[in-house]
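Below are the chains, spelled out letter by letter.
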Amino acid sequence: MPRKIIAGLFISLDGVVEAPDQWHFPYFNDEMGAAVGASMNTAEVLLFGRRTYDSFAGAWPEREAAGGEDAGFAKQLGDLRKIVFSHRQLDLRWRNSEQARGDVAEVAAALKGEPGGDISLSGSVSVVRQLLAAGLLDELHLLVHPIAVRKGMRLFDEGEPSIPLKLLKAETFTTGVLSLVYAPDTAPPTGGYEEAVVTLGE
């Protein structure tokens, strides 16, 4: 099977994806942990924007070394190949990390053409946006939290072309979080106002 690129994001009800550490944790439970883990289990490569990489690299190596409850997951992240996109030269100290040679679309397309497991992203909104725009993202996993954050960067910014998506899977957690899996919709619905009026009148 061809390898997929799968992105996972924590997102608020009003579309905010910035700084989830400030609003996400009260909703974390075993259901969410299983969902996040499942999306990582098939991955062999992780893609990062610089800021998300810095956040991960600043936390997970220490958690692995500490040997706590999440040390196993931390080791899993450390063992994966990690590719970081940045316009400036980086000093990458987390093991198995490398800086991308080329832009997002070029690198992602090349990786998809190689054999191996899936390619995963967690956060890294700018990278997700570029993959969506280039038609290279295969699945978008959104964990929609029942909170309106009301400030911060949103997943989809204004002024860009629309991106039709189709829902592959939906699950409701006991916390009220919605786990939604989308894929690009290559045959979106057609029609307009006139057709809708006719349908309502039937």
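Check the entry above for the structure.
The model shown is predicted, which means the values in this text are computed figures rather than measured ones. (Residues numbered from 1 in each chain as written. Predicted model: local features only at pLDDT ≥ 70, side-chain atom pairs only at ≥ 80, totals over all residues. Heavy atoms only, no water.)

(A) Quick look at the packing of helix 5 (residues 104-112) against helix 6 (residues 125-134). Where helix 5 contacts helix 6, the two axes come as close as 10 Å, and the packing angle between them is 70°. Taken together, the axes of helix 5 and helix 6 are roughly perpendicular relative to one another. In contact with V104, A105 and A108 of helix 5, helix 6 contributes V127, Q130, L131 and A134. When grouped by side-chain class, the residues that make up the contact of helix 5 with helix 6 number six nonpolar, one polar and no charged. (Axes fitted to C-alpha atoms, helices over the stretch in contact; angles between N-to-C directions. Helix = DSSP H or I, 4+ residues; strand = E, 2+ residues; numbered from the N terminus. Parallel < 35°, antiparallel > 145°, perpendicular 65-115°, else oblique. Contact = heavy atoms within 4.5 Å. Nonpolar A, V, L, I, M, F, W, Y, C, P; charged D, E, K, R; others polar.)

(B) Region of the structure containing unusual backbone geometry. Positioned with a positive phi, A19 is a non-glycine residue whose angle comes to about 50°. Note on placement: A19 falls in the loop between strand 1 (5-12) and helix 1 (30-41). For A19, a relative accessible area of 25% translates into the label partly exposed. With a phi close to 70°, R150 is a non-glycine residue in the positive phi region. (Buried < 20%, exposed > 50% of the residue type's maximum accessible area, 1.4 Å probe, protein only.)

(C) Looking closely at the pattern of salt bridges. Tallying each qualifying case throughout the model produces 12 salt bridges. K4 is paired through a salt bridge with E139; the nearest N and O atoms lie 3.0 Å apart. Remark: E139 occurs in strand 6 (residues 139-145) and K4 occurs in the segment before strand 1; sequence separation between them is 135 residues. In this structure E139 comes out as buried when scored by relative accessible area, which is 13%. (Salt bridge = Lys/Arg side-chain N within 4 Å of Asp/Glu carboxyl O.)

(D) View of the environment of L142. You can see L142 is positioned in strand 6. L142 sits in the buried class, given a relative accessible area of 8%. Setting aside residues up to four positions removed in sequence, L142 forms contacts with L9, I11, L155, L178, S179, L180 and Y182.

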